[in-house]
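One letter stands for each residue in the lines below.
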Amino acid sequence: MKVVILGAGRRGTLLARHLIQERKDVVIIESDPRRAAEAQTKLDCMVIIGSGTDKHILSEVSIESADAFVALSDSDEVNLVACGIVEAMSPNLTTVAAIRNLTYTGSDGLPETVLGIDYIVNPEAETARSIYDIIERGIFSDIITFNKTNLILYNIYINEKSKFAGKDVQTLRNMLKAEFVITAINRGDQGIVPSGNTVVFPGDTISLVASDEDIEIIFKVIGREKLKARKIAIVGGSKIARFLLRDFSPSKRKNIVLVEQDATVCETFASLFPEILVIKADITDETIFDDEKLDTFDLLIALTDNDELNIITASYAKRIGVDRAITLIKNNNNYIRLARHLDIDSVISVSQATVDSLLRYLRGTNVSSVHSLFGGRFEIFEFTITETTKNVGHQLKDINMRNKGIIAGITKATKESIVPTGNYRLEQGDVLLVAASRESLSAVQQLFE
């Protein structure tokens, strides 16, 4: 598969890195020579300096031979025009564009197929949706939800006091009266596809798939309760905050406070969401937490455009008594690991949420969602079995995944979700959750083409 990416910014670089790890043929077009040079030193792919709206540049990268064109430049207009030109040059190519401007998206915006764009991704909307899902599921930890199954993936950090520490996967399954699958383990710089004999150690982060009911049982064992946030403080009147507030019902917005220091932004939010309380203040003011009694809130969400401020604000909120905290990482993904060691419950990366959405459109028509795990070391994707799928009608024990991946869960056509055994026989209409390391992803996907 050949993918041409327009833009070598954070999103373009992250997407390219994931695709290169899968041994895809990647070409990047970047108009900024400095960015192009940085990308060339970091990535094992061709980087062309030029404009994505230049037909000569598109011809130079042999756009006619590509399978997909992904427009991720910083300009919505450039992304729109580039996709239009690419569609004219190669009508059968899949085109995907990141579009931020609200006038181009939503029910009153442009339809998804306009100007040759097959799929539009709005980074802020995708990020807000991820945050909303975490809140709705009780803010246990970083979670991943899927489009066609009610199974959920939870990333859980194992400390020395954890009841998971020092036990192998099979022992954990026997100990806990719940159905679950540990799909992957992150240990330092190592990613592990676990078997029943794999031991979980302190310092590991495990990715665990279970239903809502089973996860409550599991988290009670490890001493965490589901939290239904009634009082929520949002710091930062960003676009992501606007999308997130749209997801809440008017009745729930009555218990939300927004803290923002820009007077114009405050007026805008007060007009758009009259149910919320808007406070014009600088969150770094030492009196704001006391004056507004923020320590009595169930949840604080730091959504400013400043990563460092978000991390500090969320960490401080936990220290003074706020039950749960979520922080946004927008500009520097290197802060993600740091933030997770500061007692922050969930860390959301704008770049990663966007790239996960983009990957969904590059996986084929039967893939309904894709999510990266542990900085891209693993991927879990949601796949629908059709009558033409390889191995339909076969038992799972007869499908040789060669320890390269795990089927983490199945949702049947009847909407029943199960943790399958080796005797389960795949049926048309089944929705599979399949996890694999990035290097093994292509081999695993070929089993279900």
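Scope of this entry: the structure provided in the associated data block. Throughout this document, residue positions are counted from 1 along each chain, in the order its sequence is written. Local features in this predicted model are restricted to residues of pLDDT 70 or higher, and side-chain atom pairs are both shown and tallied only at a pLDDT of 80 or more, whereas totals for entire chains, interfaces and linings draw on every residue. Excluded from the side-chain calculation are hydrogens and water; included are all heavy atoms of the structure.

Glancing now at the overall build of the protein chain. Secondary structure elements follow DSSP: runs of H or I of four or more residues count as helices, runs of E of two or more count as strands, with numbering from the N terminus. Looking only at helices and strands, the protein chain has 15 helices and 22 strands in total. Using C-alpha atoms as the atom set, the radius of gyration is obtained and then compared with a globule rule of 2.2 Å times the number of residues to the power 0.38. The C-alpha radius of gyration computed for the protein chain amounts to 22 Å, which stays within 12% of the reference 22 Å derived for 449 residues, consistent with globular compactness. Along the first, second and third principal axes, the C-alpha atoms of the protein chain reach 60 × 55 × 40 Å. With 449 residues in all, the protein chain has 55% of them scored as buried. Whether two residues are in contact is decided by their heavy atoms: any pair within 4.5 Å suffices. A sequence separation of at least 24 residues applies to 63% of the contacts in the protein chain between residues at least 6 apart. A 1.4 Å probe rolled over the protein chains alone gives each residue an accessible area, and that area as a share of the maximum for its type sets the label: buried under 20%, exposed over 50%, partly exposed in between.

By the bridge criterion, four bridges tie strand β2 (residues 25-30) to strand β3 (residues 46-49) in an arrangement that is parallel. Paired with glutamate 30 across the two strands is isoleucine 49, which belongs to β3. A crossover connection joins β2 to the parallel β3 through helix α2 (residues 33-42); in handedness this β-α-β unit is right-handed. Strand pairing follows a simple DSSP-based rule, namely that at least 2 bridges must link the two strands. Crossovers are marked right-handed if the path from the first strand over the helix to the second runs clockwise, as seen with the strands pointing away from the viewer.

So, about the packing of aromatic side chains. Aromatic rings from Phe, Tyr and Trp, with only the six-membered ring used for Trp, were paired whenever their centres fell within 6.5 Å, and each pair was classed as stacked if the ring planes differed by under 30 degrees, edge-to-face if by over 60, and tilted otherwise. One pass over the structure, following the stated rule, counts seven aromatic pairs. Consider the rings of phenylalanine 289 and tyrosine 316, whose centres lie 5.0 Å apart with planes at 80°: the pair is edge-to-face. Of this pair, phenylalanine 289 sits in helix α11 (residues 288-291) while tyrosine 316 sits in helix α12 (residues 307-319); the two residues are 27 residues apart in sequence, bridging distant segments of the chain. On the accessibility criterion, phenylalanine 289 (6% relative accessible area) is buried. Seen from their ring centres, phenylalanine 374 and phenylalanine 378 are 6.1 Å apart, and the 90° between their planes marks the pair as edge-to-face. One aromatic cluster in this structure is built from Phe381, Phe383 and Phe448.

Take the pattern of salt bridges next. A side-chain nitrogen of Lys or Arg and a carboxyl oxygen of Asp or Glu constitute a salt bridge if their distance falls within 4 Å. Applying the stated criterion across every chain yields a total of 18 salt bridges. A salt bridge links arginine 34 to glutamate 38, with the shortest nitrogen-to-oxygen separation between them at 3.1 Å. Remark: glutamate 38 and arginine 34 occur in helix α2; sequence separation between them is four residues, near one turn of the helix. Glutamate 38 sits in the partly exposed class, given a relative accessible area of 36%. The partner of arginine 35 in a salt bridge is aspartate 74, and the shortest N-O contact between them spans 3.1 Å. Remark: aspartate 74 occurs in the loop between β4 (68-71) and α4 (76-89) and arginine 35 occurs in helix α2; sequence separation between them is 39 residues. Here the residues in one salt-bridge network are Glu22, Lys24, Arg363, Glu379 and Arg438, joined through shared partners.

So, about the sheet that holds strand β16 (residues 324-329). Strands sit in the order β14-β13-β12-β15-β16-β17 across an open sheet of six strands; the sheet is parallel. Looking at strand neighbours, the two that pair on one side only are β14 (277-280) and β17 (346-349), the edges of this open sheet. Between one strand and the next, the sheet's axes are offset by a mean angle of 15°, whatever the strand orientation. Judged from the four bridges that link them, strand β15 (residues 299-302) and β16 form a sheet pairing that is parallel. Within β16, the position partnered with leucine 299 by the bridge is arginine 324. Sheet contacts for helix α8 (residues 239-247): β12 (232-235), β13 (256-260), β15 and β16; angle to β12, the most-contacted strand, approximately 155°. An axis is simply a line fitted to the C-alpha atoms; with a helix, the fit covers only the stretch in contact. Between two such axes, the angle follows the N-to-C directions and lies from 0 to 180 degrees.

Turning our eyes to something else, we now look at the sheet that holds strand β20 (residues 405-411). Here we have five strands laid out as an open sheet, ordered β18-β19-β22-β20-β21, and antiparallel in their pairing. Strands at the two margins of the open sheet, each flanked by one partner only, are β18 (367-373) and β21 (417-418). The pairing of β18 with strand β19 (residues 378-384) spans six bridges and is classified as antiparallel. Each residue of the ladder has a partner; that of valine 367, found in β19, is phenylalanine 383. Sitting on the sheet, helix α14 (residues 350-362) is in contact with β18 and β19, with an inclination near 145° to β18.

What a helix should span is 1.5 Å times the count of its residues minus one. Helix length check: helix α5 (residues 123-136), at 14 residues, gives a terminal C-alpha distance of 20 Å against a target of 20 Å (1.5 Å per residue), a fit within 8%. Along α5, 10 of the 14 residues are buried, which leaves the element largely enclosed by surrounding structure. A 3.5 Å cut-off defines polar contacts: any pair of N or O atoms within that distance qualifies, except that in protein one atom must be a possible hydrogen donor and the other a possible acceptor, and neighbouring residues in sequence count only when both atoms are side-chain atoms. Of the residues that open α5, the one with a side-chain oxygen 3.1 Å from the backbone nitrogen of glutamate 124 is asparagine 122. In the stretch just after α5, glycine 138 is the one whose phi turns positive, near 100°.

Before going further, it helps to spend a moment on the nonpolar core. One recurring pattern in soluble globular proteins: nonpolar side chains tend to sit buried together. Grouping buried Ala, Val, Leu, Ile, Met, Phe, Trp, Tyr and Cys residues that are joined through side-chain atoms within 4.5 Å yields what is termed a nonpolar core. In terms of nonpolar packing, the biggest core is built from 49 residues, with Leu208, Ile234 and Ile301 touching the most fellow members. The contacts of isoleucine 234, once residues within four sequence positions are left out, are Ala241, Leu244, Leu245, Ile256, Val257, Leu258, Val259, Ile301 and Leu303. Among the nonpolar cores identified, the runner-up in size contains 45 residues, and Val3, Ala36, Ala39 and Ala68 belong to it.

So, on to the packing of α5 against α14. For the pair α5 and α14, interaxial distance at closest approach is 8 Å and the crossing angle is 100°. Viewed along their axes, α5 and α14 adopt a mutual orientation that is roughly perpendicular. Along its contact with α5, which presents Pro123, Glu126, Thr127 and Ser130, the element α14 presents Val350, Ala353, Thr354 and Ser357. Ten residues, namely Ala, Val, Leu, Ile, Met, Phe, Trp, Tyr, Cys and Pro, are considered nonpolar, four, namely Asp, Glu, Lys and Arg, are considered charged, and the remaining ones, Gly among them, are considered polar. The residue inventory of the contact of α5 with α14, partitioned by class, reads three nonpolar, four polar and one charged. Any angle that is under 35 degrees is reported as roughly parallel, and any over 145 degrees as roughly antiparallel; angles of 65 to 115 degrees are reported as roughly perpendicular and all others as oblique.

Moving on: the state of the cysteines. Pairs of cysteine sulfur atoms within 2.5 Å are what we label disulfides. Summed over all chains, the structure comprises zero disulfides. The structure places no disulfide on cysteine 83, whose sulfur is separated from the nearest cysteine sulfur, that of cysteine 45, by 19 Å.

Another point: unusual backbone geometry. One non-glycine residue with positive phi stands out, namely aspartate 343, at about 65°. Looking at the secondary structure, you find aspartate 343 in the loop between α13 (335-340) and β17. One non-glycine residue with positive phi stands out, namely asparagine 391, at about 70°.

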